[in-house]
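Chain and residue survey
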Amino acid sequence: MLQRVNPSESNNSMVPVGKASYPLPFKQALEYCAPVREAWNIVHIGMLLPKAHQIYVCADNCMRGVTMTAAEMGEADRFHCVIINERDMLYTNLDEITIEGVTDVLNKLDELPPAVLLFTVCVHHFLSSDIEHIYRELESRFPGINFIRCWMDPVMQKNHLFPDVVERNAMLDKVPLRDVNPKQVNVFGADIHLDKDSELEKMIENAGCKVHEFPRFKTYEDYLQIGEGRINITTYPAFKYGADNYSERTGRTNLYMPPSFNFEEIDEQLKTLSDALGVKMPDVDELKVKCDERLSELKKELGDTTVFLDYMAHTRPLGLARMLLNYGINVKRVYLDAVMAEEENDFKFLKDNYPHLELCATVRPVMRVAERKSDEKVLAIGPKAAFFANTEFFVDQIECGGLWGYTGIIKLCDKISDAFNNSKDVKKAVSIKGSGNRCVPFE
Amino acid sequence: MRETYKIVPVYSGDVSGACSALYELEGMVVMHDPSGCNSTYNTFDENRWYEKESLIFLSGLTDTDAIMGNDKKLIDDILEAARELKPKFVAITNSPIPYLNGTDFDGICRKIENELGVPAFYIPSNGMHDYTIGAGKALMIAAKKLMKDKAQPAAGVQEIGVQSTGDAAAGNHPAADAQNKGGEAEADVIEIEEIKVNLVGITPLDYSRENAVSDIKEWLRTSGFTFNSSLSLDTSYDEFVNAPDADVNLVLSSVGMECAIYMNEKYGIPYVVGSPIGDMAKFIAEDIRESHENKNNINSYKRVAYGSGEGLVKLIGEPVFMGSMAASIHILTGRAAQVIVPTEYKTDLLSKGDIAVTGEEEIEQALHADKDRTLEIIGDGMYTRVAPEGVRFINVPHLALSGRMYQNNK
C-alpha cells in the first residue's frame, strides 16, 4: 500500500518562499502528472485557426494524445496523422515518409484546406531532417495550401521553446501583410477570449476600433485579416515570442500588456494604450477605489479562510498572492513548479514580506501520494490547487480567464466570492480537457 | 499508404500498455520521455488515474541529456524517488529518442537494482507499437522478475475438495444452478478437483467496465473454479507474485499471451485463450477442465468454426475479445462471423477467415468488403467513421481506441 505524505521541505516538494530559490524552487527530476486536464494543448490552439487542418508525423505513442484531443473536441475531421516506425527512422528516409504521408492524407480529403498546421517531431530534429526540403516539396505539390510550420518536440522545451510557443509563432509567421485597417487592433491573448468589459477592450472600442483575436475567428479570412491590424497587443506570455517576431517582420507596433495585479503596472499599461490609440485614459482613480473596495469586501467575506492558488488560474500566481495577502486574505500556498521572469519582483517581495507563504510543487513525485485532506475549509483558485486541496470550493479558471486590468481584478473577486459560497464537482471540472472547448465525454 | 490516418485515431501505444499492465503492482514505472508525454497515458488510456494512485512517472528527458548520454540523471532521479516512495520494484519504459540513442536500459536497471535492493527491469518499448505489445511484454517480464517459485506439488491438482455453487449449505452441483435456473436443484454432491485459475491479460485498456474482474470471478466461482490471481486488474503485488499457484491460466486478451506462454514453459501451467462472453462461457469452462486434465493449451474461440453460416457479422478490435464474441454470436444465431484485427499482437490468435489489418486504408477496405452480405458490424464507435453506410453498427467501446469518448455509455 502506498503511504500518504504531506508535501514538505524534507521531501523537496514544498518550500516557504522565504527559503525558496529563483527561478526553480524545486529540483527537476522525475515528474508526476496530476489528473488536471484543463490546460489547452497544441491541438486545441491550432483549432483556433478556422478551416485549417492539422497533420502530425510521429510514432504511435506520441500520436495518441493529440489524436484523442481532436476526437474529444469533435474535430477529428480536421486532424490527420502519419505514423512512423523503426523502419522509417533507421532504414528509410524520414523526409520522404513525411512528404509522401502528408501528400497521401491531403489527396484523400474531399476538399483541400486553406491551411495545414504540419507538426514534425523530436525525431525529425535528432535525424537532422531537411525541414526546408520537406516544406519546399509540399508547397510545390499543394501551392494553394498555407503550410504552417509547427513542432511537437517536447524534448526541446526545457532548453528552448515550448511547442505551443513555437506554434503561436508559426501561426503568425504565415500571416500575409496587408494594408492597415485603422479600425482593427490585434490582440494576441490567451486561448480564451478577452473579457469584453475589460478596460483594454473598452479603450479599443473608444478608439473606434475592434478587437481582432484568435478565439473570435469564424473564418479563414478572419485569420488572414491579422495582417491588417493597426496595432498588436500581446496579453499572453506564450504569444510574446511570436508577436515580437511578427512585429519585427511587419514593422507594426507590438505592446506587451499581460494581466497584472500591480496597480502601478496597470496604470502604465493604460497610459501606453491611451497614447498608442490616441484615446483618453479611463478614470483610474475611480477604478482603483472600486478595486480596493471589492478586495476589502472580499477579505471580510472570506475571513481567515485558507486560500490555495495555482499557476494555471493565472500567469501571475505570485502577483495574485501578493495582492490578496496585502488585503489580509489568508493565502497559505501557491502551487507552481517554476517562477516566471516577469514575476521576479513579486517573488522577492513575498520572500521579504510573507516568507512563510508556501510554494508547493505539482510535478514532484511525492505529490502523487500527497495528503489531499484538510480539516478546515480551503478555498482554491485554479484547478490544480482545487485538486491537491481536494476542495469543492474553487475558482475554475485557467489562463487568467480572459480577465484584464482593474475590471479583471474586480471580476476575479466576484469569482472567488462565488466559489466560496457555491460548491462544484472538482473531479468533473478538472477532467475536461482544454477548458472552454467542447469535450465530448463530459457532454 | 498504410502509415496515414485520415480520421480514425490510433490505438494506445506500447508505453501506455506497459504502464497499464503494471499499474496495480505497487512498483514504480518510469517512462523515459520528455515532459508532457505522461498526460497522454493518464488522460486517455488510464481510467484509474484519479481515484487509485500508482507510482508512474516521467523522466523529463531533455535534448541535452539525450545528446550527451546523461544516463546518470535518470539513475539518480529514480533512486531519489524510490528511496522516498519505497516501491516494490522499478520498471523503465522507453520512447523514440532513447531508442534512437541506443540507451543501455539493462545496464541502468542493473545499477538501480544493486543500489535499491528491489527488482528493476526494462520493458522494451520505443513508442512505435501499440498497447498489446507494451502491455504483453510488461506482464511477461514482470512475471519473470517477480513471480515466486511454484508451490509444491509443482503442477496439476492442488487438492481434492467439494465445490458447490449458490447455497453452499444446500450442497448443489456447480452445473446444477445453470441448468435449473429457478427450478429444482439437484441434490447430488460430487467430488471435483479444485482448479485454480488466473485471469491473464486483463487491463482496463480491454476491460474498462467497472465490474469486469468481479463478474469474471463470479463466473469462475459458479463454474466450479477457484480464482487465484488477476494479471493485472483489481489486483496487488502479492496476488501477482502468487500467480504460479494456479492450475490454468485463462488468457483474456492478446496482452496475456506472452505471459501465459512464459508461465507454461516455466511452471508448466497450461492456458486457455478466450473471454467468457455470452454462450462462449460454458465452452471456456469445459476447456479449462480439459486443459487442466490434459495439460494442453487451448484456444476456445478458435474451436468454434464461426466463419461459416448464414449472413455475415463483422467484428473489429482486439482478437481474443472479439474472437470470443464472434464465437458466441455464431453459437447463438448460426450466423457467420469474421474478426478484423487492427491491433498488433495476433500470433496464433486469428481463426480461419479472420483478417489482420494495418492502418486506416486496410481497415476501411476490410469493413467495406462483402458489404451486401454484411448484416452488422460490431466494434468501437470510432470505426463508424470508416464503416459502410447502410450497415448496422453496434458500438462496443474499447478504451484502447476511443479512450474516454464512450466510457459513460458502456
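Computed from a predicted model, the values in this text were never measured in an experiment.

When you go through chain A residue by residue, the secondary structure sums to 17 helices and 14 strands. Relative to the globule expectation of 22 Å for 443 residues, the C-alpha radius of gyration of chain A, 23 Å, shows essentially globular dimensions. Oriented by its inertia axes, the alpha-carbon framework of chain A measures out at about 65 × 65 × 40 Å. For chain A, the proportion of its 443 residues judged to be buried stands at 62%.

Our focus in this paragraph is the environment of Glu53 of chain B. Position of Glu53 of chain B among the secondary structure elements: in the loop between helix H2 (38-45) and strand S3 (55-58). Measuring from C-alpha to C-alpha, the distance between Glu53 of chain B and Lys72 of chain B comes to 27 Å, with 19 residues separating the pair along the chain. Setting aside its immediate chain neighbours within four residues, Glu53 of chain B contacts Leu2, Arg4 and Arg368 of chain A together with Tyr23 of chain B. At a separation of 2.7 Å, a polar atom in the side chain of Glu53 of chain B contacts the side chain of Arg4 of chain A.

Right, let's get into the side chain of Arg48 of chain B. Counting through the fold element by element, Arg48 of chain B comes out in the loop between H2 and S3. With relative accessibility at 7%, the residue Arg48 of chain B sits in the buried group.

Quick look at the side chain of Asp14 of chain B now. Locating Asp14 of chain B in the fold gives a position in helix H1 (residues 14-22). This buried residue, Asp14 of chain B, is left without a salt bridge; Lys137 of chain B holds the nearest opposite charge, at 8.8 Å. Once residues lying within four places of it in the same chain are set aside, the contact partners of Asp14 of chain B are Asn61 of chain A together with Ser125, Asn126, Gly127, Met128, His129, Asp130, Tyr131, Gly134 and Ala135 of chain B.

Let us now look at the nonpolar core. One finds Tyr223 of chain A together with Leu22 of chain B to be the most contacted residues of the largest nonpolar core, which totals 180 residues. Among the elements that line this core, the one with the most residues is helix H7 (residues 131-146) of chain B, at 9 residues. Apart from residues no more than four positions distant in its own chain, Tyr223 of chain A is found in contact with Leu49, Asn146, Ile148, Met171, Lys174, Val175, Phe214 and Phe217 of chain A. Val15, Ile204, Val331 and Phe393 of chain A belong to the second-largest nonpolar core, a separate cluster that totals 62 residues.

Attention now goes to the domain arrangement of chain B. All names here are of chain B. According to the domain assignment, chain B consists of domain 1 (14-146), domain 2 (192-301) and domain 3 (304-409). Counting residues at the interface gives 25 residues for domain 1 and 21 residues for domain 2. With both sides pooled, the region where domain 1 packs onto domain 2 buries about 2000 Å², and carbon together with sulfur makes up 65% of that total. Between Lys137 and Glu258 there is a salt bridge, and its shortest N-O distance comes to 4.0 Å.

Residues and elements named next belong to chain A. When its domains are assigned, chain A resolves into domain 1 (14-30 + 301-442), domain 2 (42-161) and domain 3 (184-277). For domain 1 and domain 3, the distance between their C-alpha centres works out to 26 Å. Taken together, the contact pairs 22 residues of domain 1 with 25 residues of domain 3. Carbon and sulfur atoms supply 62% of the area that domain 1 and domain 3 bury against each other, a total of about 2200 Å² over both sides. Area buried by domain 1 at its contact with domain 3 is led by Glu399, Trp404 and Tyr406, which between them contribute 40% of it. Salt-bridge contacts for Glu265 lead to Arg316; the nearest nitrogen and oxygen are separated by 2.9 Å. Among the secondary structure elements, those contributing two or more residues to the side of domain 1 that touches domain 3 are helix H13 (317-326) and helix H16 (405-421). The element that contributes the greatest number of residues to the side of domain 1 that touches domain 3 is H16, accounting for 6 residues. Residue composition of the side of domain 1 that touches domain 3, grouped by class: 11 nonpolar, 7 polar and 4 charged.

Under the counting rule described, the total for this entry stands at 23 aromatic pairs over all chains. Note on Phe188 of chain A and Tyr246 of chain A: the rings are 6.0 Å apart at their centroids and 90 degrees apart in plane angle, and the pair reads as edge-to-face. One end of the pair, Phe188 of chain A, is in strand S6 (residues 184-188); the other, Tyr246 of chain A, is in helix H10 (residues 237-250), and 58 residues separate them in sequence. Judged by its relative accessible area of 2%, Tyr246 of chain A is buried. A network of ring pairs unites the aromatic residues Phe188, Phe214, Phe217, Tyr220, Tyr223, Phe239 and Tyr246 of chain A as a single cluster. The aromatic ring of Phe227 of chain B is capped on one face by Lys217 of chain B, whose charged end is 4.4 Å from the ring centroid.

Right, let's talk about the packing of helix H7 (residues 163-173) of chain A against H10 of chain A for a bit. Residues and elements named next belong to chain A. Between H7 and H10, the least distance of the axes is 7 Å, while the angle of their chain directions is 25 degrees. With respect to each other, H7 and H10 are oriented roughly parallel. As H7 runs across H10, the sense of the crossing is right-handed. Taken together, the residues of H10 that come into contact with H7 (itself represented by Asp164, Val165, Arg168, Asn169, Leu172 and Asp173) are Ala238, Phe239, Tyr241, Gly242, Ala243, Asn245, Tyr246 and Arg249. Classifying every residue of the contact of H7 with H10 gives 7 nonpolar, 3 polar and 4 charged.

Residues and elements named next belong to chain A. Burial within strand S5 (residues 146-152) is extensive, with 6 of its 7 residues counted as buried. Here strand S4 (residues 115-121) pairs with S5 via 7 bridges, running parallel. The residue bridging Leu118 from the neighbouring strand is Arg149, located in S5.

Residue and element names in this part refer to chain B. In terms of burial, strand S16 (residues 374-379) is largely enclosed, as 5 of its 6 residues are buried. Sheet topology note: the strand S13 (residues 310-316)/S16 ladder contains 5 bridges and is parallel. Counted as the bridge partner of Lys314 is Ile377 from S16. Pairing analysis gives 4 bridges linking S16 to strand S17 (residues 392-395), with the strands arranged parallel. Within the sheet, the bridge partner assigned to Ile378 lies in S17 and is Ile394.

Rules used in this analysis
- Along each chain, residue indices are assigned from 1 in the same order as the chain's sequence is written.
- Labels are handed out in written order, letters beginning with A for the chains and numbers beginning with 1 for the ligands.
- Local features in this predicted model are restricted to residues of pLDDT 70 or higher, and side-chain atom pairs are both shown and tallied only at a pLDDT of 80 or more, whereas totals for entire chains, interfaces and linings draw on every residue.
- Water and hydrogen atoms were dropped before computing side-chain values, which therefore reflect all heavy atoms in the structure.
- Helix and strand assignments follow DSSP, with helices taken as H or I runs no shorter than four residues and strands as E runs no shorter than two, numbered in order from the N terminus.
- We take the radius of gyration over the C-alpha atoms and set the globule estimate at 2.2 Å times the residue count to the 0.38 power.
- The buried label applies to any residue whose accessible area, calculated with a 1.4 Å probe on protein chains only, is under 20% of its type's maximum; exposed applies above 50%, and partly exposed to all values in between.
- Contacts between residues were defined by any pair of non-hydrogen atoms, one from each residue, lying within 4.5 Å.
- Pairs of N or O atoms are called polar contacts if they sit within 3.5 Å, as long as, within protein, a hydrogen donor faces a hydrogen acceptor (for residues adjacent in sequence, only side-chain-to-side-chain pairs).
- We score Asp and Glu as negative and Lys and Arg as positive, and we do not count His or the chain ends.
- Within this document, salt bridges are pairs made up of a side-chain nitrogen of Lys or Arg and a carboxyl oxygen of Asp or Glu, the two lying within 4 Å of each other.
- What makes a nonpolar core is a set of buried Ala, Val, Leu, Ile, Met, Phe, Trp, Tyr and Cys residues whose side-chain atoms join them at distances within 4.5 Å.
- These domain boundaries are the output of an automatic or database domain assignment.
- Joining two parts hides part of their accessible area as seen by a 1.4 Å probe, and the buried area is that hidden amount summed over both.
- The nonpolar class holds Ala, Val, Leu, Ile, Met, Phe, Trp, Tyr, Cys and Pro. Asp, Glu, Lys and Arg form the charged class, and all remaining residues, Gly among them, are polar.
- Ring geometry is summarised as follows: Phe, Tyr and Trp rings, the Trp one being its six-membered ring, pair when their centres sit within 6.5 Å, and such pairs are stacked at plane angles under 30 degrees, edge-to-face over 60 and tilted between the two.
- Geometrically, a charge over a ring is one whose NZ (Lys) or CZ (Arg) sits within 6 Å of the ring centre while staying within 35 degrees of the ring normal.
- Every angle, taken between N-to-C directions, lies between 0 and 180 degrees, and every axis is a line fitted to C-alpha atoms, over only the stretch in contact when it is a helix.
- To sort the angles, those under 35 degrees are grouped as roughly parallel, those over 145 as roughly antiparallel, those from 65 to 115 as roughly perpendicular, and the leftovers as oblique.
- Left-handed is the label given to a crossing in which the near helix is rotated counterclockwise from the far helix by less than a right angle, and right-handed is the label when the rotation is clockwise.
- A pair of strands is treated as paired once DSSP finds two or more bridges between them.

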